[in-house]
Amino acid sequence: MSYYRRTRNSPETDINILLLGQTGVGKTTFINAFINYLWYNTLDDALNHDLKVLIPSAFAVTNSETFESTKVLVGNPDSNESSETEGESSTQACRSYIFPVGNRIIRLIDGPGVGDTRNVDHEARNFEHILRYINQYEHLNGICIFLKPDEQRLNIYFRYCIKELLRHLHISAKDNIMFVFTNSRAAFFRPGATTNLLKVLLRELREKAGVEVPFSKENTFMFDSESFRYLAVCKQGLTFLDNEKKTYSDSWNKSVEEYGRLLTRIVQCDLHAVQDTLSLNEAQILIHKLSRPVAEIVTLIEENILLAKHYKEKIINQQTSQTSNRIPQKTGTFIPLRERLTVCVNDKCTEMINVRGEQRVNYNSNCHVGCSLHRVVQECIGHPVIRGCRALKKTGFCKKCGCEWTKHMHITYKYERNLDYVTLDNDRVETPQSVMDLIDKRISDLRKEEAVIRNICVKLCHFLKAYSITTYNDDMIEYLRHHINEEKRKQTAGTDNLEVIHGLEKMIDDYNKEMMLYTNSIAAKDDSNASERFDNTVRISEIYDLVQKLYELPINGKFIQDQVERMKQGRTQAATTDEIHVDLPTNSNSPQILLTLRNIVNHKK
């Protein structure tokens, strides 16, 4: 097993399969069993060789004679897997496992369980994390929803696994849904009591939302991966299950057969495009990505307005010997980081530095270099998930700088503002009055762009509030407050930027007022069913139109667009470095299931 970085140029041939399931449904065992099926033909073969473990896990097994319980641990401890706390999702964050089969790869995308016992908000954050994670891939081939045959209730789980999935991806994803039943030996490899529950919920979905999710033998698969646990028990020298070996061997053979049927069905499905589609998930992620660039551009606008005013004052006061239509203005530079960083923004962990005559805030405390935490929203100060960072995990206070987690953020790039000169209207005669007129126009244009940005962001924010799974916090306001704090520190160090501070404070005030007006203006429109609506294409199309208007702003639009695109690239590259590549047999003695799967994936529809 090794870490894998994509080198191929044809990701459309990848077979991407998302695994969704309640906590404890058996996704981890499903993946661990899968690699053993690909290495060994039979249970006897596996007993005579090393146990293959991709994901560390723990389970208890009871001796039927003495009723003594023994805890069995498999695999090496992993910070991404929690196997100690009963009822909590074992998998803490999404991770992909890549199996090279034939001339393609099968990517199993595993994520935290939903139905976690901690609280509903935690469950919602888990699902939001899953949606963000899969957005790095161009498509999904299959969406496997894991169930047990004897489920007593499905309401909460069904909401996240089917309702929220279809609402945030696209309604067409319904055709890629597979129902995977685990622990099905006890139900004679049939769906059991869960069938009626599932039929009722799917019927309600059809009647209320007009969404028909298939549920038939063709997209339903019965597994029992207890043979993997049997192997684990035997490898630890425990013998009290020996008389049940035939039962587990039969389960092994039945599950191997179902893997072939499952993959055959998945490769026959049309690809479900994740990126570049009018999906709610893509729109929400795009808006989140805009928060930091927009706040930085607004700060840049305020600084450029101040620079233009100062230059005009010099002309009025005849402090410049040469009147020129080349005026000083700042531009922003996006600097991607080689590794993701957890940094502290607290005053004591930053310092003011002078770079080419300009005061800048420098983060001194790189609290965790190369932080691989996935669920945290990048470039967001005090995001709740950042508490999972290794530097903050135990107490909520940083082991390196001592500050509270609320003062930390995850960053993937730095943004520097540099002084430059912009030529205004070359066709005009350069007289003091003409240059001052050009400066006034420049200031007016910057103010207009600022107003457009504010108006658009109000609408984007309202969209997020209406459709967000979790409680929505306005990232852009938080970034503006962060920039105000930085500007105040620059002011303390001697920078003349009072107007910039006032401008940013006014931006927040105007933004809040516009948000209230906008919210009230659409209150009469019944948007109360937004959280239950599946076909949001019109609303999403409007969001993309608004974002495009941002990109088309004459002065700052290109800077915003370039920054968002660079952020997309950086995050995709960072995420793919964590994919785990699984080594499989390559010789002629490969197990029959591996040979079968090669034929399946190499076969064109």
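Structure report, in brief. (Residues numbered from 1 in each chain as written. Predicted model: local features only at pLDDT ≥ 70, side-chain atom pairs only at ≥ 80, totals over all residues. Heavy atoms only, no water.)

Quick word on the overall build of the chain
So, step 1. What the chain contains, in helices and strands, is 14 helices and 17 strands.
So, step 2. Sequence separation of at least 24 residues holds for 77% of the intrachain contacts in the chain that already meet a minimum separation of 6.
So, step 3. Carbon and sulfur atoms make up 47% of the accessible area of the chain, which totals about 27,800 Å². (Helix = DSSP H or I, 4+ residues; strand = E, 2+ residues; numbered from the N terminus. Contact = heavy atoms within 4.5 Å. Areas by Shrake-Rupley, 256 points an atom, 1.4 Å probe, with all protein chains shown as cover.)

With respect to the state of the cysteines
So, step 1. In the structure shown here, the tally under the stated rule is zero disulfides.
So, step 2. Take cysteine 144: it sits in no disulfide, and the sulfur closest to it among the cysteines is that of cysteine 269, at 9.9 Å.
So, step 3. For cysteine 144, a relative accessible area of 1% translates into the label buried. (Disulfide = S-S within 2.5 Å. Buried < 20%, exposed > 50% of the residue type's maximum accessible area, 1.4 Å probe, protein only.)

A word on the sheet that holds strand β15 (residues 366-369)
So, step 1. One open sheet holds the three strands; their spatial order is β15-β12-β16, and the pairing between them is antiparallel. Each end of this open sheet is capped by a strand with a single partner; those strands are β15 and β16 (408-423). Each adjacent strand pair in this sheet contributes to an overall mean axis angle of 40°, direction not counted.
So, step 2. Relative to β15, strand β12 (residues 326-344) runs antiparallel, the two sharing three bridges. Bridged to leucine 341 within β15 is valine 369. (Pairing = 2+ DSSP bridges. Axes fitted to C-alpha atoms, helices over the stretch in contact; angles between N-to-C directions.)

With respect to the nonpolar core
What tends to happen in soluble globular proteins is that the nonpolar side chains get buried as a cluster.
So, step 1. Counting 59 residues, the largest nonpolar core has Leu290 and Ile453 as the members making the most contacts within it.
So, step 2. Where this core is concerned, the elements lending two or more residues are α8 (280-316), β12, β16, α9 (432-467), α10 (475-492), α11 (498-523), α12 (537-551) and α13 (557-576).
So, step 3. Take this core: its biggest share by element is 16 residues, from α8.
So, step 4. Setting aside chain neighbours within four positions, we find leucine 290 in contact with Leu460, Val547, Leu550, Tyr551, Ile560 and Val564.
So, step 5. Of all hydrophobic cores here, the second largest spans 54 residues; its members include Ile17, Val25, Ala46 and Leu54. (Core = buried A, V, L, I, M, F, W, Y, C linked by side-chain atoms within 4.5 Å.)

Considering the side chain of asparagine 176
So, step 1. If you trace the backbone, asparagine 176 turns up in the loop between α4 (155-168) and β9 (177-181).
So, step 2. Accessibility expressed as a relative area gives 3% for asparagine 176, which makes it buried.
So, step 3. If sequence neighbours within four positions are ignored, asparagine 176 has contacts with Leu140, Asn141, Gly142, Ile143, Cys269, Asp270 and His272.

Some remarks on the packing of aromatic side chains
So, step 1. Inspection of every chain in the model, using the stated rule, returns 12 aromatic pairs.
So, step 2. Seen from their ring centres, phenylalanine 30 and phenylalanine 223 are 5.2 Å apart, and the 80° between their planes marks the pair as edge-to-face. Taken together, the residues phenylalanine 30 in helix α1 (residues 27-39) and phenylalanine 223 in the loop between β10 (220-222) and α6 (226-235) connect sequence positions 193 residues apart.
So, step 3. In this structure phenylalanine 30 comes out as buried when scored by relative accessible area, which is 2%.
So, step 4. On the basis of an interplanar angle of 70° and a centroid distance of 6.0 Å, the ring pair of tyrosine 133 and tyrosine 137 is categorised as edge-to-face. (Phe/Tyr/Trp six-rings, centres within 6.5 Å; stacked < 30°, edge-to-face > 60°.)

What about α8?
So, step 1. Between its first and last C-alpha, α8 extends 52 Å over 37 residues, near the 54 Å set by a 1.5 Å rise per residue.
So, step 2. Remark: the principal bend of α8, roughly 35°, maps to serine 291, with a proline, proline 293, within the next four residues.
So, step 3. The element α8 is extensively covered by neighbouring structure, given that 31 of its 37 residues are classed as buried.
So, step 4. Residue glutamine 318 follows α8 closely and has a positive phi angle near 55°. (Expected span 1.5 Å × (residues − 1). Bend = angle between axes of the 7 residues up to and from the residue.)

What to know about the environment of arginine 390
So, step 1. Within the secondary structure, arginine 390 sits in the loop between β15 and β16.
So, step 2. Sequence-wise, arginine 390 and serine 372 are 18 residues apart; in three dimensions their C-alpha atoms are separated by 9.3 Å.
So, step 3. Not counting residues within four places of it along the chain, the set of residues in contact with arginine 390 comprises His368 and Lys399.

Quick notes on the environment of lysine 549
So, step 1. Along the chain, lysine 549 falls in helix α12.
So, step 2. Judged by relative accessible area, which is 51%, lysine 549 ranks as exposed.
So, step 3. Between the C-alpha atom of lysine 549 and that of isoleucine 453, which follows or precedes it by 96 residues, the distance is 9.0 Å.

Quick look at the pairing of strand β3 (residues 57-62)
So, step 1. Burial along β3 is one-sided: the residues Ser57, Phe59 and Val61 are buried and none of Ala58, Ala60 and Thr62 is.
So, step 2. As paired strands, β3 and strand β4 (residues 69-74) are joined by six bridges and run antiparallel to one another. Directly across from valine 61, in β4, lies its bridge partner threonine 70.
So, step 3. Hairpin connection between β3 and β4: a loop of six residues separates the two successive antiparallel strands, and phenylalanine 67 in this loop has a positive phi of roughly 65°.

Regarding the pattern of salt bridges
So, step 1. Evaluation of the coordinates by the stated rule reveals 27 salt bridges.
So, step 2. Here glutamate 487 ties to lysine 490 by a salt bridge, and the two come within 3.2 Å at their closest N and O atoms. Note that glutamate 487 and lysine 490 are positioned in helix α10 at a spacing of three residues, about one turn of the helix.
So, step 3. Residue glutamate 487 is classed as buried on the basis of its relative accessible area of 2%.
So, step 4. A residue is classified by how much of its surface remains accessible, and lysine 490, at 4% relative accessible area, is buried. (Salt bridge = Lys/Arg side-chain N within 4 Å of Asp/Glu carboxyl O.)

So, a positive patch on the surface
So, step 1. On the surface, Arg390, Lys393, Lys394 and Lys399 cluster together into a positively charged patch.
So, step 2. Residue position: lysine 393 is located in the loop between β15 and β16. (Patch = residues over 30% accessible without salt bridge, like charges linked within 9 Å, V, L, I, M, F, W, Y side chains within 5 Å. Lys, Arg positive; Asp, Glu negative; His and termini not counted. Charge placed at Lys NZ, Arg CZ, Asp CG, Glu CD.)

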